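This is what each chain is made of:
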Amino acid sequence: MNTNSHYKLQHFIPWTRAKIYKMLVLSIIPTLAFYFLELNWLAIPWVPIALLGTATAFISGFKNTQTYNRTWEARQIYGAIINSSRAFGIMVKDFVRNSDKLEESKLHTEIIYRHFAWLTALRFQLRETKSWENVKVRSYYKEYLKYYKVPEWESDLSEELKPFLSEKELAYILSTKNRATQIIATQSEHLRTLNEKGFISDYNYVALENQLKDLYDQQGKCERIKNFPYPRQFTSINLYFTNMLCFLLPFGFLGEFSKMIEKFGEPIIWLTVPFSVLIGWVFLVLEQIGESTENPFEGNPNDVPITQITRNIEIDLREMLGETSLPPALQPINNILM
């Protein structure tokens, strides 16, 4: 997530410079052919290009709206995880009782630390790369990685889970495929044991199990967004329309500027290049922005900041446990918060 008021031009232009180079090539070649080889038939009417531009604008607007909705839904889900985690922490502190206060405190810590393990496993799973994601494929994403780090790519899950789980639980969790799912299953098993021992009343046990169910619901919503891409047919048609428009733009501008040669002279034709680059860049950037928004957990600078949210939850729940040695809140790196 970018925490600045906007992307600065020294970041935005390099991020999109491949589009500028592309439009320069597409506009210079037909202009050279028209000017030096006198291929006047290259100048085509503007009307069909304008119609194609209208269709492209609609499909680009539709894609950007839908991809933004995916990102906003992802942020809402993590907002629900924040609220459910806080509620779960309060319930654990108030519902899990033991006459031995030291043992009671240990139980609270064990359960809440296991919740930290779930948050950690979930964020690692969501940062795994899928075949349709772009951040490790597109050159402009890979180049932009020099401005920020994705913590889940820089560390190891087993090391991150060690402070939160016993050795036996850690070995079991790492042997499973869906670690986050099995951590909640282990949490439920532990709560059942405490209920059978009388440390949690039946009513409170049901309330805690409902909280675990809610966490499963939020995890499932995250997995739905992560594992189901923005439909490929819409991605494809937007890509094809945009590239077709950018290819035809110079020919349309040649047609328009060729009508002005008698008034301004032949050099007016060369305005085809800057105008084609500018208009084509706008459409190509719209397509690229939609692409950068469609996968809100992939590790690009426009992601939902799940690492920072997880850390904030951990700080809140550690304070509930009465801990004073708290991990620091994560700060943006070059205005990028992951």
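Residues numbered from 1 in each chain as written. Predicted model: local features only at pLDDT ≥ 70, side-chain atom pairs only at ≥ 80, totals over all residues. Heavy atoms only, no water.

Take the overall build of the protein next. Along its length, the protein carries 13 helices and zero strands. Its helices and strands in sequence order give the protein the pattern α-α-α-α-α-α-α-α-α-α-α-α-α, from N to C terminus. Taken over C-alpha atoms, the radius of gyration comes to 27 Å for the protein, far larger than the 20 Å a tight globule of 338 residues would show. Projecting the C-alpha coordinates of the protein onto the three principal axes gives extents of approximately 100 × 35 × 35 Å. The buried share of the protein, reckoned over its 338 residues, is 47%. Counting contacts in the protein only where the partners sit at least 6 residues apart, residues at least 24 apart contribute 79% of the total. About 16900 Å² of surface is accessible on the protein, with carbon and sulfur atoms providing 60% of the total. (Helix = DSSP H or I, 4+ residues; strand = E, 2+ residues; numbered from the N terminus. Rg over C-alpha atoms; globule rule 2.2 N^0.38 Å. Buried < 20%, exposed > 50% of the residue type's maximum accessible area, 1.4 Å probe, protein only. Contact = heavy atoms within 4.5 Å. Areas by Shrake-Rupley, 256 points an atom, 1.4 Å probe, with all protein chains shown as cover.)

Turning our attention to helix 8 (residues 179–196). A rise of 1.5 Å per residue sets the reference length of helix 8, with its 18 residues, at 26 Å; its end C-alpha atoms lie 26 Å apart and thus fit the reference within 8%. Inspection of helix 8 places Ala180, Thr181, Ile183, Ile184, Thr186, Gln187, Ser188, His190, Leu191, Leu194 and Asn195 among the buried residues, and these make up the whole buried set. Taken together, the buried residues of helix 8 touch helix 2 (46–95), helix 3 (101–126), helix 7 (167–174) and helix 9 (202–227). Positive backbone phi, approximately 90 degrees, marks glycine 198, located one or two places after helix 8. (Expected span 1.5 Å × (residues − 1).)

This part takes up the layout of surface pockets. For the largest pocket, the calculated volume is near 430 Å³. What lines the largest pocket is a set of 19 residues, among which Met1, Asn2, Thr71, Thr293 and Asn302 lie closest to the centre. At the level of elements, helix 1 (9–36), helix 2 and helix 12 (272–293) are the ones that each hand at least two residues to the lining of the largest pocket. Broken down by element, the lining of the largest pocket gets its largest block of residues, four residues, from helix 2. Of the residues assigned to the lining of the largest pocket, the class counts are ten nonpolar, seven polar and two charged. (1 Å grid on protein atoms, 1.4 Å probe; cavity = no way out; pocket = protein on both sides within 12 Å on 5 of 7 lines; lining within 4 Å. Points joined across faces, edges and corners; volume = space filled by probe spheres on them. Nonpolar A, V, L, I, M, F, W, Y, C, P; charged D, E, K, R; others polar.)

Next up on the list: the packing of helix 3 against helix 8. Between two packed helices, the angle of one axis relative to the other and the distance separating the axes together describe the packing. Packing of helix 3 against helix 8 leaves a shortest axis separation of 8 Å and a crossing angle of 165 degrees. One element, helix 3, and the other, helix 8, form an angle in the roughly antiparallel class. Here helix 3 and helix 8 pass one another in a crossing that is left-handed. Contact residues: helix 3 offers Leu107, Glu110, Ile111, Arg114, His115, Ala117, Trp118, Ala121, Leu122 and Gln125, while helix 8 offers Arg179, Ala180, Ile183, Ile184, Thr186, Gln187, His190, Leu191 and Leu194. Residue composition of the contact of helix 3 with helix 8, by class: eleven nonpolar, five polar and three charged. (Axes fitted to C-alpha atoms, helices over the stretch in contact; angles between N-to-C directions. Parallel < 35°, antiparallel > 145°, perpendicular 65-115°, else oblique. Left-handed = near helix turned anticlockwise from the far one by under 90°.)

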